[in-house]
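The lines below spell out each chain.
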Amino acid sequence: MYNFNNSAKQLFIINIQGSKIEGVILRDEVNNKLKDIGEADILVGIPSFNNADTIAHVVRAVQAGIAKYFPDMKAILINSDGGSSDNTHEIVEKTIIEDFQPLLIDQRQNIFSKIVTPYHGIPGKGSAFRTIFQIARELNIKACAVVDSDLRSITPEWIDLLIRPVLQREFDFVSPYYLRHKYDGTITNSIIYPVTRALYGKRIRQPIGGDFGFSGRLAEYYLSKDVWESDVARFGIDIWMTTTAVANDFKVCQSFLGAKIHAAKDPSSDLSAMLTQVCSSLFMLMEEYSSKWKEVTKTDPVPLFGFQFSVGLEPVNVNVERMISMFDLGIRELSELLKEILSIESMKELIEISSSEPFNMPDDLWARIIYDYAISFHNKIMSVEHILKTLTPLYLGKVASLVTDMAASSANEVEERLEALCQAFEKQKSYLIERWE
Amino acid sequence: MGSVFIEPFKKFFGQIAAFFPTLLIGLIIVALGLAAAWLLRKAVTKVSLFLNIDSISDRIGVMQLLQKSGLKDPMSKLIGQLVYWVVLLSFIIIGLNALKIPALEDLLTEFLLYVPNIIMACVILVVGYLLGNFLGRAALIASVNAGIALSGLISKFVKFTVFIIAVTMALELLGIGEDTVLIAFAIVFGGVVLALALAFGLGGRDAAKGYIDKMLKEKKEPDDIEHI
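Residues numbered from 1 in each chain as written. Chains lettered and ligands numbered in written order. Predicted model: local features only at pLDDT ≥ 70, side-chain atom pairs only at ≥ 80, totals over all residues. Heavy atoms only, no water.

### A short note on the overall build of chain A
Then, in step 1: On a plain count of helices and strands, chain A comes out with 18 helices and 14 strands.
Then, in step 2: For a compact globule of 437 residues, the expected C-alpha radius of gyration is about 22 Å, and chain A comes in at 22 Å, within 12% of that figure.
Then, in step 3: Each principal axis of the C-alpha atoms in chain A carries an extent, and together these give about 70 × 45 × 40 Å.
Then, in step 4: Across the 437 residues of chain A, 61% fall into the buried class.
Then, in step 5: The long-range share in chain A, meaning contacts at least 24 apart out of those at least 6 apart in sequence, stands at 82%.
Then, in step 6: Per element, the accessible surface of chain A, about 17000 Å² overall, is 49% carbon and sulfur.
Then, in step 7: Where the 45 positive side-chain charges of chain A centre and where its 58 negative ones centre are 3 Å apart. (Helix = DSSP H or I, 4+ residues; strand = E, 2+ residues; numbered from the N terminus. Rg over C-alpha atoms; globule rule 2.2 N^0.38 Å. Buried < 20%, exposed > 50% of the residue type's maximum accessible area, 1.4 Å probe, protein only. Contact = heavy atoms within 4.5 Å. Areas by Shrake-Rupley, 256 points an atom, 1.4 Å probe, with all protein chains shown as cover. Lys, Arg positive; Asp, Glu negative; His and termini not counted. Charge placed at Lys NZ, Arg CZ, Asp CG, Glu CD.)

### Brief notes about helix H4 (residues 75-98) of chain B
Residues and elements named next belong to chain B.
Then, in step 1: If you check H4, its first and last C-alpha atoms are 34 Å apart, about what 24 residues at 1.5 Å a residue would give, namely 34 Å.
Then, in step 2: Residues Met75, Ser76, Leu78, Gly80, Tyr84, Val87, Leu88, Ile93, Gly95 and Ala98 constitute the buried set of H4.
Then, in step 3: Looking one or two places after H4, you find Lys100, whose phi comes out positive at around 55 degrees. (Expected span 1.5 Å × (residues − 1).)

### Thoughts on the packing of helix H11 (residues 320-333) of chain A against helix H13 (residues 344-354) of chain A
Residues and elements named next belong to chain A.
Then, in step 1: At a minimum axis separation of 10 Å, H11 and H13 run at an interaxial angle of 135 degrees. On the basis of their axis angle, the class for H11 and H13 is oblique. Seen along the crossing, H11 lies across H13 with a hand that is left-handed. In this structure, H11 contributes Phe327, Asp328 and Ile331 to the contact, and H13 contributes Leu350, Ile351, Ile353 and Ser354.
Then, in step 2: In the contact of H11 with H13, the residues fall into five nonpolar, one polar and one charged. (Axes fitted to C-alpha atoms, helices over the stretch in contact; angles between N-to-C directions. Parallel < 35°, antiparallel > 145°, perpendicular 65-115°, else oblique. Left-handed = near helix turned anticlockwise from the far one by under 90°. Nonpolar A, V, L, I, M, F, W, Y, C, P; charged D, E, K, R; others polar.)

### Re the nonpolar core
Residue and element names in this part refer to chain A.
Then, in step 1: Core analysis: the biggest nonpolar cluster contains 106 residues, and Ile191, Phe214, Trp366 and Leu394 have the highest contact counts within it.
Then, in step 2: Considering each element in turn, this core owes the most residues, ten residues, to helix H14 (residues 363-379).
Then, in step 3: Each residue touching Leu394, except ones within four places of it in the same chain, is listed here: Phe327, Ile331, Leu338, Leu342, Leu350, Met361, Trp366, Ile369 and Tyr373. (Core = buried A, V, L, I, M, F, W, Y, C linked by side-chain atoms within 4.5 Å.)

### Looking at a nonpolar patch on the surface
All names here are of chain B.
Then, in step 1: A cluster of nonpolar side chains, namely Leu150, Leu153, Ile154, Phe157, Val188, Phe189, Val192, Val193 and Leu196, defines an oily patch on the protein surface of about 680 Å² accessible area.
Then, in step 2: Put simply, the parts of the chain that give the nonpolar patch at least two residues each are helix H6 (151-174) and helix H7 (178-203).
Then, in step 3: The element that contributes the greatest number of residues to the nonpolar patch is H7, accounting for five residues.
Then, in step 4: By secondary structure assignment, the location of Leu153 is in helix H6. (Patch = residues over 30% accessible without salt bridge, like charges linked within 9 Å, V, L, I, M, F, W, Y side chains within 5 Å. Salt bridge = Lys/Arg side-chain N within 4 Å of Asp/Glu carboxyl O.)

### Considering the environment of Gln254 of chain A
Residue and element names in this part refer to chain A.
Then, in step 1: By the secondary structure assignment, Gln254 is in strand S12 (residues 252-259).
Then, in step 2: Taking the C-alpha atoms as reference points, Gln254 and Pro165, 89 residues apart in sequence, are found 8.9 Å from one another.
Then, in step 3: A polar side-chain atom of Gln254 sits 3.0 Å from the main-chain amide nitrogen of Arg205. (Polar contact = N/O pair within 3.5 Å; in protein donor to acceptor, adjacent residues only side chain to side chain.)

### Observations regarding the environment of Gln81 of chain B
Residues and elements named next belong to chain B.
Then, in step 1: Mapped onto the elements, Gln81 comes out in helix H4.
Then, in step 2: Looking at Gln81, the relative accessible area reads 26%, which means it is partly exposed.
Then, in step 3: Along the backbone, Gln81 and Lys42 are 39 residues apart, and their C-alpha atoms lie at a distance of 9.2 Å.

### Concerning the packing of aromatic side chains
Residues and elements named next belong to chain A.
Then, in step 1: Within this structure, the stated rule accounts for 20 aromatic pairs over all chains.
Then, in step 2: Judged by centre distance (6.0 Å) and plane angle (40 degrees), the ring pair of Trp158 and Tyr178 falls under tilted. Highlighted residues: Trp158 in helix H5 (residues 156-169) and Tyr178 in strand S9 (residues 173-179), separated in sequence by 20 residues. Here Trp158 matches Tyr178 in class, with each residue buried.
Then, in step 3: Ring centres 5.6 Å apart and planes at 55 degrees place the aromatic pair Phe283 and Phe377 in the tilted group. Taken together, the positions of Phe283 in helix H9 (residues 271-288) and Phe377 in helix H14 put the pair 94 residues apart, joining distant regions of the chain.
Then, in step 4: By relative accessible area, Phe283 is classed as buried at 1%. (Phe/Tyr/Trp six-rings, centres within 6.5 Å; stacked < 30°, edge-to-face > 60°.)

### Let's talk about the interface of chain A and chain B
Then, in step 1: Contacts between the two partners involve 41 residues from chain A and, on the opposite side, 22 residues from chain B.
Then, in step 2: The interface formed by chain A and chain B contains zero salt bridges.
Then, in step 3: Counting the contacts that link chain A with chain B gives four residue pairs in polar contact (both at pLDDT 80 or more).
Then, in step 4: For the side of chain A that touches chain B, the secondary structure elements donating two or more residues are helix H6 (186-200), H9, H11, helix H15 (384-389) and helix H16 (391-405) of chain A.
Then, in step 5: Here the side of chain A that touches chain B is composed, by residue class, of 22 nonpolar, 13 polar and six charged.

### Comments concerning the packing of H14 of chain A against helix H17 (residues 411-427) of chain A
Residues and elements named next belong to chain A.
Then, in step 1: Direction vectors running N to C along H14 and H17 enclose 50 degrees, while the axes themselves pass 8 Å from each other. Between H14 and H17, the crossing angle belongs to the class labelled oblique. The handedness of the crossing between H14 and H17 comes out as right-handed. Each of Asp363, Asp364, Trp366, Ala367, Ile370 and Tyr371 in H14 lies in contact with H17, whose residues at this interface are Arg417, Ala420, Leu421, Ala424, Phe425 and Lys427.
Then, in step 2: A breakdown of the residues in the contact of H14 with H17 according to their chemical character gives eight nonpolar, no polar and four charged.

### A look at empty space enclosed by the protein
All names here are of chain A.
Then, in step 1: Tallied over the entire structure, the rule returns three cavities of 30 Å³ or more.
Then, in step 2: Volume-wise, the largest cavity comes out at about 50 Å³.
Then, in step 3: Secondary-structure elements contributing two or more residues to the lining of the largest cavity are H6 and H16.
Then, in step 4: Of the residues assigned to the lining of the largest cavity, the class counts are six nonpolar, two polar and one charged. (1 Å grid on protein atoms, 1.4 Å probe; cavity = no way out; pocket = protein on both sides within 12 Å on 5 of 7 lines; lining within 4 Å. Points joined across faces, edges and corners; volume = space filled by probe spheres on them.)

### Describing the confidence of the model for chain B
All names here are of chain B.
Then, in step 1: In this model, chain B carries a mean pLDDT of 81, and residues with pLDDT of at least 70 account for 83%.
Then, in step 2: Across chain B, the secondary-structure element scoring lowest on mean pLDDT is helix H8 (residues 205-220), at 61, and the one scoring highest is H6, at 90.
Then, in step 3: Confidence estimates for the predicted assembly give a pTM of 0.79 and an ipTM of 0.80. (pLDDT = per-residue confidence, 0-100.)

Structure follows, in structure tokens:
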């Protein structure tokens with residue numbers, strides 16, 4: 001379908017259902033359609049898979065954001081879909097804001113295009129992003145943003161906050177800064193944020209936030225990397241984008257986006273796979289940038305844009321008892337494997353913890369555990385998937401410990417608690433460097 | 001009269017004299033084999049060391065298997081020894097063939113035809129052991145992450161099932177009690193499954209009830225954390 005609408009908004013939709021991307025080269029069919037568009041200034045990418053319930057809101061927010069904040073620029077929305085069977089792509093095609101008056105937006109928008117295309121390669125968010133990067137390169141885009149398709153809290157302002165630092169302040173990478181419930185984002189809080197900060201020296205609070213802004217230059221750099229057969233093609237994409245930007249000295253900032261609220265899903269259904277994919281990317285990047293992170297001795301704040309405010313967040317149910325029982329089971333049944341991965345001292349402390357009351361996993365021990373995993377991954381002491389999957393029960397133990405610690409804490413106290421955790425990772429960095437070789 | 005006694009001796013010494021050059025050729029072949037085996041052992045050991053075979057075999061678990069069976073030498077040395085004996089054995093067989101003794105020739109032919117089966121059986125056993133360990137470990141980790149209390153038992157079951165299948169295949173290849181081994185395996189395997197079913201059904205009624213109650217209780221206490 002190729003539909004050119006000559007209305008004041010000049011909306012046209014290109015549906016490239018049959019397109020195929022091999023390697024980093026788009027098929028002629030896709031290229032031809034992109035040639036019709038020529039060049040564009042702004043690109044917003046939305047990866048999707050069966051998000052029919054939520055994607056219309058995201059598409060409207062993107063269109064309104066572009067119309068309100070970048071009316072003079074040529075913009076394009078890319079929906080990179082993983083083969084949805086719930087008519088997600090039809091919804092994206094049909095969703096249009098016809099009347100901007102209720103949004104107090106003047107009808108003065110330039111050209112807004114929309115491409116709905118399936119991605120190819122390993123099923124996952126990373127493969128969807130690869131298609132988006134490719135199209136950004138083809139259209140010589142100045143600034144890009146990617147946003148999740150299951151967001152309920154996205155507003156037009158998100159687009160401004162993710163794009164403007166790139167266009168007007170020459171930043172290459174804009175990381176999101178959200179308000180989240182103190183029990184949410186636990187992989188970020190307990191592993192990714194402390195490790196990224198300690199290793200690369202940048203205090204990026206949500207390195208795997210998932211909604212990012214970046215320059216066309218950086219999109220091209222991402223595309224030049226040969227990582228699309230690894231876990232980067234799945235959940236590992238977020239940490240890979242952030243780390244690649246930081247480790248290669250691209251100019252990085254954060255934008256305050258407010259609350260992040262997703263569509264409801266079963267959060268524990270694929271925890272182990274999610275944790276494995278994210279940590280696999282994290283450790284793979286440690287291999288690639290070992291000479292860089294070894295030199296980093298201090299951490300620096302990263303500029304934060306946007307007007308900060310606080311919001312009331314929905315309560316989150318936590319079953320700490322179940323987490324602790326999973327931890328105990330892991331220590332009991334996986335001890336032979338854990339002895340190969342962890343240092344003798346760490347293993348001894350873990351055994352002591354599993355029988356202690358009240359349950360508490362100290363930050364120093366947790367930092368050493370994560371570094372031991374990085375070292376085991378580096379040395380490939382066994383199948384890397386097996387190494388990473390044994391982390392799940394230990395991670396649940398640390399989450400249980402943090403949840404117990406933060407039960408009565410306010411948002412500020414939670415940040416202070418996480419600051420202490422980050423400092424433990426920074427303190428233990430010498431432990432990592434000593435054992436890395 | 002004297003010739004009656006002397007003639008057999010003459011014939012005997014004549015045969016020895018006729019056999020001597022053949023024996024000498026056989027001995028020379030074996031001596032050459034010794035030299036070739038020694039040289040190849042040195043060369044193969046050095047190449048194995050260069051390719052870092054010792055740490056690779058340690059990592060994939062082959063060394064653990066060999067150590068359990070009493071072999072303490074590093075893998076590079078073992079490969080060298082294997083090459084040494086294969087080469088030497090080949091030369092001994094060639095040497096024995098050179099003697100042209102019909103009974104020995106038949107025996108050697110049968111042995112040579114059986115050697116590939118022995119090698120294949122050994123390969124199946126090693127692969128079965130490694131695969132059993134790998135799958136057992138994968139089952140252990142997956143079941144722990146799924147919160148199954150009997151993870152250790154599941155892991156052992158997977159590991160031994162794979163290994164028993166490998167042993168059955170190896171014995172079948174060697175032609176040792178082909179049908180007997182297969183039937184025995186089927187009986188043992190079926191028996192284990194039946195025993196487990198009975199154990200869970202009769203002995204584990206309370207445990208099953210407790211497990212279901214726990215599951216239902218957990219369902220009532222949802223966990224809404226978004227990990228990522």
